[in-house]
Amino acid sequence: MKILVVHSCKLKLVYICKNVFMYSDYFIIQEQALRGRYVNFEQIVPLINSLIDSEFNVSTEGYSVNGIPIYSIGVGSGNKKVLMWSQMHGNESTTTKAIFDFINLLKTKHENIYSSHLLENFTFKIIPMLNPDGAELYKRENANKVDLNRDAQHQTQSEIKTFFKVFDEFKPDVCLNLHDQRTIFSAGKTGKSAIISFLAPSIDEDKTQTPPRMYAMQLIAYMANCLNKQINGHIGRYDDGFNLNCIGDTLQSKGIPTILFEAGHFPGDYEREKTREIIFNSFLFLFDGLLNKKLPGVSSYFLLPENQKLFFDVLIKNVKIPYKSELTDVAIQFEEQLKQKKINLIPKIVRIDNLKGYFGHKMIEARGEEILVNNSNHLKIDMVIDKILVGGQKVSL
């Protein structure tokens, strides 16, 4: 495989497949104003305002329950219309960061051929934050405590009414439903975390493979083939259980190829900065696939391993607990808590059991040593960990 490096005024393009681009200088277009897990409306407003009076078309499409504007960003003049939206769930911000990285790329139209190529072939409509109320509180639901991704049929919430207004007016050819997934997911029954997962949502209980859904599957397979050059084996296929109340299932049932993106855990990357780059690259691979007449077969999609819930944030193996006759394992999960506009990771014990076949993003082998949590050997589920000792030695989580 030949790698060709092309220099532009600002960017260095690396061709890794036929017509497939990556950026070796990705940090140049990475939006530095958005970092970490907490991204709220206040942070994106200056970025959106900077696009006004440019080739980008910024529109106020509606308002959240609490009256916060829901913006769309339109750009491009191509025949293929792509609708993409992020933070339908307020605490899922990785794809929002990747969206603004992508917008920064499009802003370089006059500096590199590739951005011009995208804008000439596509018309993009982007909703960067569908649930600003949830984003402010770092909550999945909106201000009415409704999961917007379960309101596609009844459309009771203002945010979903706004979404479908945009959908009906824009009439997209492809929809990108952008989310985050928890650190618990593995790519199949492996010790590899699902850094990214995809899904071509079902249209019915029988999971019928209509032409639009099959096209979404082929596009996912194309992205996965390219991404495997970066994150081989860390790509999962999300559960395709049917629920017509979900946005993706509804849009797919309307005959619009729809792809679910789930940004997951890159080892050691709890801020999801490496994952955002993977999401950004997946956008580029997808848009190349949309212009490529030769895509992988549907069977390639089903070769992607289905997500399994096999990971804990920390897994301590073979510990001694006085009230257990045999050695056991202790699993710890980080609970995300918002405090002073910063996400704190609070470690909690979630399982005390023989956890053979499970994995930890951090694995600790106790080798039969006694474990003390908060100076106690009486461990309980949901116990918050302030201090943990294994064999008398303090363990850093």
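Residues numbered from 1 in each chain as written. Predicted model: local features only at pLDDT ≥ 70, side-chain atom pairs only at ≥ 80, totals over all residues. Heavy atoms only, no water.

**A word on the pairing of strand β10 (residues 196–199)**
And then number 1: Neither face of β10 is exposed, since Ile196 and Phe198 on one face and Ser197 and Leu199 on the opposite face are all buried.
And then number 2: Pairing of β10 with strand β12 (residues 258–263) involves four bridges; the strand directions are antiparallel. Following the sheet pairing, Ile196 is matched in β12 by Ala263.
And then number 3: Sheet topology places β10 next to strand β11 (residues 235–237); three bridges connect them, and they run parallel. Bridging from a neighbouring strand, Phe198 pairs with Arg237 of β11.
And then number 4: Note that the unit made of β10, helix α6 (residues 211–231) and β11 has a crossover that is right-handed. (Buried < 20%, exposed > 50% of the residue type's maximum accessible area, 1.4 Å probe, protein only. Helix = DSSP H or I, 4+ residues; strand = E, 2+ residues; numbered from the N terminus. Pairing = 2+ DSSP bridges. Right-handed = clockwise from strand over helix to strand, strands pointing away.)

**A short note on the sheet that holds strand β17 (residues 359–365)**
And then number 1: Pairing is mixed across the open sheet formed by four strands, whose spatial order is β16-β15-β14-β17. Two strands bound the open sheet, and with one partner strand each, they are β16 (342–353) and β17. Looking at each pair of strands side by side, their axes are set apart by 25 degrees on average, direction ignored.
And then number 2: As defined by bridge partners, strand β15 (residues 328–339) adjoins β16 across 11 bridges and the pair is classed as antiparallel. Counted as the bridge partner of Asp329 is Asp353 from β16. (Axes fitted to C-alpha atoms, helices over the stretch in contact; angles between N-to-C directions.)

**Details of the packing of helix α2 (residues 94–106) against helix α8 (residues 273–290)**
And then number 1: With their axes 8 Å apart at the nearest point, α2 and α8 run at an angle of 55 degrees to one another. By the angle between their axes, α2 is oblique relative to α8. Helix-helix and strand crossings are classified by hand; for α2 and α8 the assignment is right-handed. In contact with Thr94, Thr95, Lys97, Ala98, Ile99, Asp101, Phe102 and Leu105 of α2, α8 contributes Glu273, Thr275, Arg276, Ile279, Phe280, Phe283, Leu284 and Phe287.
And then number 2: Split into classes, the residues belonging to the contact of α2 with α8 amount to nine nonpolar, three polar and four charged. (Parallel < 35°, antiparallel > 145°, perpendicular 65-115°, else oblique. Left-handed = near helix turned anticlockwise from the far one by under 90°. Contact = heavy atoms within 4.5 Å. Nonpolar A, V, L, I, M, F, W, Y, C, P; charged D, E, K, R; others polar.)

**Re the confidence of the model for the chain**
And then number 1: Here the chain shows a mean pLDDT of 93. Residues at 70 or above account for 94%.
And then number 2: Contacts of residues 1–21 to residues separated by more than four positions or lying in other chains number 57 contacts, the stretch itself having pLDDT below 50. (pLDDT = per-residue confidence, 0-100.)

**A closer look at the packing of aromatic side chains**
And then number 1: In the structure shown here, the tally under the stated rule is 20 aromatic pairs.
And then number 2: Where Phe41 meets Tyr71, the ring centres are 6.0 Å apart and the plane angle is 10 degrees; that geometry is what we call stacked. Residue Phe41 is found in helix α1 (residues 41–49), and its partner Tyr71 is found in strand β5 (residues 69–76); the two are separated by 30 residues along the sequence. As far as burial versus exposure is concerned, Phe41 and Tyr71 are alike and both buried. (Phe/Tyr/Trp six-rings, centres within 6.5 Å; stacked < 30°, edge-to-face > 60°.)

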